[in-house]
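# Summary of the model geometry
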Amino acid sequence: MANCKRTDLAMESREMIRESAKDTSDIEGVEAREYDRNGCRVIHVKILNEKGAQILEKPVGSYVTIEVTGLMRREQEAFGHAVCAVAEEMKHLMSPDRLQGVLLAGLGNRDITPDAIGPKVMQSCIVTRHLVDKMPDEFGHMRPVAAIIPGVLGTTGMESAEIIKGAIDSMKPQLVVIVDALTSRRASRLCSTVQISDSGIVPGSGVGNARAALNHETLGVPVISVGVPTVHILQV
């Protein structure tokens, strides 16, 4: 069977290239390392140049995959360990001077369970921009954070990129954090891994329905994407 290239995980793209070549050596233009973070296995794939981007079919940038399998096994303290691991890895991809204003965006269709992660995360986020603006004496020490759920093209008639760009023009944040569902080639990685990247995201690319890209070039500000695989693409 041929490998199916419909995956949003950079670590899986690297896996497939190495499997097809039957070679465990490093891929040209790609660096990878593994380590432990708060009891969670972390795989950091860094695409260094256009050669590596062409081979893995993903933009240049860092792709950090955190395995939070302890949650699936209901291990004690697994949730706290996972949260700390994800937070630490996100911190490493952010520059301190970009943290004054942050826009959160939850992509996906809230009415379709595998695609609802983005909207559900936004419902649990603490937004502070209005508090900082209206009550600076009480909340001026907090970072202004706003959240948006742009919906999907089929229900809004607009690309997510258009809606998010409008919010950026109004808020003028220093950073955009985008949350979305991802696809994986392995069922074992569903809901048990988190991928964080500083290269942005192309919604729907993993299932062959790519929408407008959301990255620094298209939005005009740095973008961090956070994704969780909820769709398993079978190999054919």
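Residues numbered from 1 in each chain as written. Predicted model: local features only at pLDDT ≥ 70, side-chain atom pairs only at ≥ 80, totals over all residues. Heavy atoms only, no water.

### A short note on the overall build of the protein chain
The number of helices and strands found in the protein chain is 10 helices and 8 strands. Per-residue burial over the protein chain gives 45% buried out of 236 residues. As presented, the protein chain carries roughly 12500 Å² of accessible surface, and 53% of it is formed by carbon and sulfur atoms. (Helix = DSSP H or I, 4+ residues; strand = E, 2+ residues; numbered from the N terminus. Buried < 20%, exposed > 50% of the residue type's maximum accessible area, 1.4 Å probe, protein only. Areas by Shrake-Rupley, 256 points an atom, 1.4 Å probe, with all protein chains shown as cover.)

### Quick word on the state of the cysteines
Within the structure shown, the criterion is met by 0 disulfides. You can see cysteine 84 has no disulfide; the closest cysteine sulfur is in cysteine 40, sitting 9.1 Å from it. (Disulfide = S-S within 2.5 Å.)

### Re a nonpolar patch on the surface
A cluster of nonpolar residues, Leu71, Phe79 and Val83, forms a patch on the protein surface that exposes about 280 Å² of accessible area. Within the secondary structure, valine 83 sits in helix H4 (residues 78–93). (Patch = residues over 30% accessible without salt bridge, like charges linked within 9 Å, V, L, I, M, F, W, Y side chains within 5 Å. Salt bridge = Lys/Arg side-chain N within 4 Å of Asp/Glu carboxyl O.)

### Topic: the pattern of salt bridges
One pass over the full model with this rule turns up 13 salt bridges. In this structure, the salt-bridge partner of arginine 189 is glutamate 12, at a minimum N-O distance of 2.8 Å. In this pair, arginine 189 sits in the loop between strand S6 (175–184) and strand S7 (193–197) while glutamate 12 sits in helix H1 (residues 10–21), placing the two residues 177 residues apart along the sequence. By relative accessible area, glutamate 12 is classed as buried at 0%. Residues joined by salt bridges that share partners form a network here, namely Glu12, Glu15, Glu19, Arg185, Arg186 and Arg189.

### Details of the side chain of serine 13
Residue placement: serine 13 occurs in helix H1. Setting aside chain neighbours within four positions, we find serine 13 in contact with Thr7, Leu56 and Lys58. (Contact = heavy atoms within 4.5 Å.)

### With respect to helix H9 (residues 160–171)
In an α-helix, one turn spans 3.6 residues, which is why side chains three or four residues apart end up on the same side. The first and last C-alpha atoms of H9 sit 16 Å apart over 12 residues, in line with the 16 Å expected at 1.5 Å per residue. All of the buried residues along H9 are Ser160, Ala161, Ile164, Ala167, Ile168 and Met171. Buried residues of H9 fall within an arc of 125° about the axis and therefore sit on the same side. Considering only its buried residues, H9 is in contact with strand S4 (102–106), helix H6 (129–134), strand S5 (145–148), S6 and helix H10 (216–219). Lysine 172 sits one or two residues past H9 and shows a positive phi near 55°. (Expected span 1.5 Å × (residues − 1). Arc of directions from axis to C-beta.)

### Focus: unusual backbone geometry
A positive phi angle, near 60°, is found at glutamate 57, a position not held by glycine. Mapping glutamate 57 onto the fold places it in the loop between helix H2 (50–56) and strand S3 (61–67). For glutamate 57, a relative accessible area of 52% puts it in the exposed group.

### Observations concerning the pairing of S4
Counted residue by residue, S4 has 5 buried out of 5 residues, so it is predominantly covered. Of the two faces of S4, the one holding Val102, Leu104 and Gly106 and the one holding Leu103 and Ala105 are both buried throughout. Two elements, S4 and S6, share 5 bridges in a ladder whose sense is parallel. Within the sheet, the bridge partner assigned to leucine 104 lies in S6 and is valine 177. (Pairing = 2+ DSSP bridges.)

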